[in-house]
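Observations on chain architecture
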Amino acid sequence: MVSQDIAERARILREQINHHSYRYYVLDNPEIPDAEYDRMFRELQELESANPGLLTPDSPTQRVGGLPLSGFSQVQHRKPMLSLNNAFDEAEVTAFDRRVREAAGQDYIEYEADPKFDGLAISLVYENGVFIQGATRGDGYTGEDVTLNLRTVAAIPLRIASDNPPALLEVRGEVLMQHKDFEALNDAQRSKGEKTFANPRNAAAGSLRQLDSRITASRKLTFFAYGMGEVQGFKLPEKFSDILDQLKQWHFPVAEQSEVVKGVDGMLGYFMRLGNKRDSLPFDIDGVVYKVNDLKLQDELGFVSRAPRFAIAHKYPAQEEITQVLDIDVQVGRTGAITPVARLAPVFVGGVTVTNATLHNEDEVRRKDVRIGDWVSVRRAGDVIPEVVSVMHERRTSDAREFVMPKACPVCGSHVVREEGEAVARCTGGLYCPAQRKQALLHFASRRAMDIEGLGEKVVDQLVDNGLVHNPAELYKLGLGKVANLERMAEKSASNLLAAIDKSRSTTLARFIFALGIRNVGEATARDLARHFGNLDALIGADEEALMRVTDVGPIVAQSIAQFFGESHNREVIEQLRAAGVQWADETARSSKIGHLSGKAFVLTGTLPNMTREEAKERIEAAGGKVTGSVSKKTDYVVAGTEAGSKLTKAQELGIPVLDEEGLNNLLDQ
Ligand code: IVH
């Protein structure tokens, strides 16, 4: 026996959880933090598992999925789920309206206009307010029973929010996957090495037709209601818009974009307004549905074959079309990333003619198995770059050719490399490659590199676009006449810029190395390299093994450096820079891994009078020592300044030598 109190508690929890999940999933406007919701959910789960008699089919705990089925059973729809006729232009919408007006004998007609969701049609059956069965559309008369899967869709009410629900209600609507959930799902699939979905619609379909409802539960699906099928024990209102309002009151999600419009002008205006918003909606739509708003008139108009005469779908341009791959070549990005691009037979998709689509990277080409000559499905949604989403492998002919990643950059001829574990191949001609020119100049001039004031994005654009500068060395050849001639460049700023360029001729080796823009070489690594090698030629001549002897330089960084200097194009630009008078004082090479303090462990604490902690660390490391964070038996020296705390005490306890600044200097100079 379950006590009254426990049953009442479970009832209250269910009601609260239903309310908050409605706020969250349907209204997108939660009232409580997720943790609070989770707490209530767990409490209900515990009550139910301790008292199985409490469990009801409409309990929110029943959304998590259950044991896999061996197949779906068939469900007869109580009212058929019909299709819609399509209109592809204004003339077809106008003709539809004329037919309705003539049949009705009215001057103008009121319509309910809704988004046409690009998902899967489903029918939900509620008996006395409780969700008992859900099915796919199937052939319109018989669908598949996907009740267990639909239970896991949080936006679908398991119970109608009413004290007096209809005895029987079929709710018609669409299951969708939102863009963000689609992207997340595909990311997850990719990282598991599993197949990705071509579009949100396929992802929704694949998720809904899972025999294992736990998989469906792990996918984020949502739902919008757009109508009713069979209704018993509820008096239908007069207008279709009231049906949507009623559904909303019962806590079904209804598109907030739905509107009542008048006549052809109203319909076309709605079509345009929603079309402008199409790309920013969180889910895919493929058109608009207009339905006669007067339900009596709907009945009178009736159906022709399998489509209603009282409704029509007005379609937007498709966002996915099929075309042929004429070639696959590559594009070089600003940072040298090399992206395979499919050159396509022109195809009208997403409102524009598309002739190129990105294939992202080499692995993606292999994974999708796209070949030159293949027929492919191309998608362009919103401002997103058109993308090849799938290949019609059955249409492949024997002359289809595989893509081969070029060994040389198509823009500058430098070597193309792909680092281990990296998806992207890159051009190594960073200083020389026209595709990377602007990026290279901006980085070269940046504050922590050569620090050329006034050489920002706009000026770089102008210098490059006017053909005045092809690589960083040419900056030093610029004359006042040419610079002052640039648009919006006053004489004064031109001479300031030239002075700044001139000033940058004297620099440090570390800045110069950083300025080269070698992949994986940041400021700190550039400093380590300068200190370790002392001069540029030693660095240029170092092989990967020698490079790896530098502090913090591992195989990947060493490889990037070797590849950069291995590229003759880059070495030529460096020669030109030196010839242009860029210079620095050589540092005394200090081997950073073998020195007289090699193997000694230091801990720094407190403030030193004349040295920052960072400087002290650098000097210790330059002498081969290492600096660690905490004092232990393995510590060789503790360097203590003023306000040294527990580390000093610990050192004294362990009998570890303690040095002040002078002591450290003496040790370093030994
Ligand atoms: S009303 C009798 N409204 O479009 C009218 N259908 O071609 C029944 N669809 O598979 C449909 N959004 O799933 C209606 N707002 C909307 C819709 C919509 C999408 C789908 C529906 C059906 C197809 C009909």
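To keep things clear, this report deals only with the structure shown in the data block. (Residues numbered from 1 in each chain as written. Predicted model: local features only at pLDDT ≥ 70, side-chain atom pairs only at ≥ 80, totals over all residues. Heavy atoms only, no water.)

1. A look at empty space enclosed by the protein
Tallied over the entire structure, the rule returns two cavities of 30 Å³ or more. The calculated volume of the largest cavity comes to roughly 50 Å³. Surrounding the largest cavity, V75, Q76, H77, R78, S123, V125, Q133, G134, A135 and E170 form its lining. For the lining of the largest cavity, the secondary-structure elements that each account for two or more residues are β1 (74-76), β4 (120-127) and β5 (130-136). A total of three residues in the lining of the largest cavity trace back to one element, the largest contributor, which is β5. For the lining of the largest cavity, the residue count by class is three nonpolar, five polar and two charged. Within this model, the second largest cavity holds a volume of roughly 30 Å³. Lining of the second largest cavity is provided by V417, R418, E419, E422, V424, R426 and R519. Here the lining of the second largest cavity is built from residues that sort into two nonpolar, no polar and five charged. (1 Å grid on protein atoms, 1.4 Å probe; cavity = no way out; pocket = protein on both sides within 12 Å on 5 of 7 lines; lining within 4 Å. Points joined across faces, edges and corners; volume = space filled by probe spheres on them. Helix = DSSP H or I, 4+ residues; strand = E, 2+ residues; numbered from the N terminus. Nonpolar A, V, L, I, M, F, W, Y, C, P; charged D, E, K, R; others polar.)

2. Looking at the layout of surface pockets
In this model, the largest pocket occupies a volume close to 1400 Å³. Lining the largest pocket we find 44 residues, and of these M81, L82, R172, Y226 and M228 sit closest to its centre. Those elements that place two or more of their residues in the lining of the largest pocket are β3 (110-117), β4, β7 (168-176), β8 (222-232), α8 (240-249), β10 (285-292), α10 (295-301) and β13 (311-315). If you tally residues by element for the lining of the largest pocket, the top one is β8, at six residues. Residues belonging to the lining of the largest pocket are distributed by class as follows: 22 nonpolar, nine polar and 13 charged. The volume enclosed by the second largest pocket comes to roughly 1200 Å³. Together, 39 residues line the second largest pocket, and Y24, Y25, V26, A155 and T222 are the ones closest to its centre. Counting residues per element, the lining of the second largest pocket draws most heavily on helix α1 (residues 4-26), at five residues. Residues that form the lining of the second largest pocket fall into these classes: 25 nonpolar, six polar and eight charged.

3. Details of the pattern of salt bridges
Inspection of the entire model under this criterion finds 45 salt bridges. R371 is the salt-bridge partner of D369, the closest N and O atoms lying 3.1 Å from each other. Taking the shortest distance from any N to any O, the salt bridge between R549 and E545 comes out at 3.9 Å. Looking at R549, the relative accessible area reads 46%, which means it is partly exposed. The exposed category is assigned to E545, whose relative accessible area is 57%. Through salt bridges with shared partners, a single network forms among R366, D369, R371, D374, R396 and E402. (Salt bridge = Lys/Arg side-chain N within 4 Å of Asp/Glu carboxyl O. Buried < 20%, exposed > 50% of the residue type's maximum accessible area, 1.4 Å probe, protein only.)

4. Quick notes on unusual backbone geometry
A negative phi holds for most residues other than glycine; trans holds for most peptide bonds. The phi angle at H360 is positive, at roughly 65°, despite the residue not being glycine. On the secondary structure map, H360 appears in the loop between β16 (352-358) and α11 (362-368).

5. Looking at a negative patch on the surface
A contiguous patch of negative charge on the surface is contributed by E238, D242, D245, D294, D299 and E300. Only α8 and α10 provide two or more residues apiece to the negative patch. With respect to the element layout, D299 can be found in helix α10. Residue classification places D299 among the exposed residues on the basis of a relative accessible area of 67%. (Patch = residues over 30% accessible without salt bridge, like charges linked within 9 Å, V, L, I, M, F, W, Y side chains within 5 Å. Areas by Shrake-Rupley, 256 points an atom, 1.4 Å probe, with all protein chains shown as cover. Lys, Arg positive; Asp, Glu negative; His and termini not counted. Charge placed at Lys NZ, Arg CZ, Asp CG, Glu CD.)

6. Observations regarding the pairing of β4
Across the eight residues of β4, seven count as buried, placing the element largely inside the fold. Looking at chain direction, β4 and β7 are connected through eight bridges and run antiparallel. Among the inter-strand pairings, S123 is bridged to a residue of β7, identified as R172. In this sheet, β5 lies alongside β4 in antiparallel orientation, the contact comprising six bridges. Note on β5: the bridge partner recorded for S123 is A135. In this structure, the hairpin formed by β4 and β5 is closed by a connection of two residues, where N128 is found at a positive phi of approximately 50°. (Pairing = 2+ DSSP bridges.)

7. A word on the site of the ligand
Taken together, 13 residues sit near the ligand, with P115, A121, E174, Y226 and K291 positioned nearest. The separation between a nitrogen atom of the ligand and a polar main-chain atom of P115 is 2.9 Å. Contact between the ligand and K291: a nitrogen atom at 3.0 Å from a side-chain N or O atom of the residue. More than half of the atoms belonging to the ligand lie within 2 Å of the grid points that define the largest pocket. Those elements giving two or more residues to the shell around the ligand turn out to be β3 and β10. The element best represented in the shell around the ligand is β3, accounting for four residues. (Near = heavy atom within 4 Å. Polar contact = N/O pair within 3.5 Å; in protein donor to acceptor, adjacent residues only side chain to side chain. Sits in = over half its atoms within 2 Å of the grid points.)

8. Examining the sheet that holds strand β21 (residues 601-605)
Judged by pairing direction, the sheet is parallel, and its four strands sit side by side in the order β22-β21-β23-β24 without closing on themselves. On the outer flanks of this sheet lie β22 (626-628) and β24 (658-659), each paired with one strand and no other. Across two bridges, strand β23 (residues 637-640) lies against β24 in parallel orientation. Looking at β24, one finds that V639 is bridged to L659.

9. Description of the packing of aromatic side chains
One pass over the full model with this rule turns up 16 aromatic pairs. Look at F271 and Y316: their rings are 4.3 Å apart centre to centre, the planes differ by 15°, and that puts the pair in the stacked class. In this pair, F271 is assigned in helix α9 (residues 263-277) and Y316 in the loop between β13 and β14 (320-332), connecting sequence segments 45 residues apart. No difference in accessibility class separates F271 from Y316, as the two residues are buried. (Phe/Tyr/Trp six-rings, centres within 6.5 Å; stacked < 30°, edge-to-face > 60°.)

10. A closer look at the nonpolar core
Ranked by size, the top nonpolar core spans 57 residues in total, and within it I452, L475, Y476 and L529 carry the most contacts. Take this core: its biggest share by element is six residues, from helix α16 (residues 509-515). Beyond its immediate stretch of four places on either side in the chain, I452 contacts F444, A445, L475, Y476, L497, A500, I501 and S504. Membership of the second largest hydrophobic core comes to 39 residues, among which are I160, V171, A205 and L221. (Core = buried A, V, L, I, M, F, W, Y, C linked by side-chain atoms within 4.5 Å. Contact = heavy atoms within 4.5 Å.)

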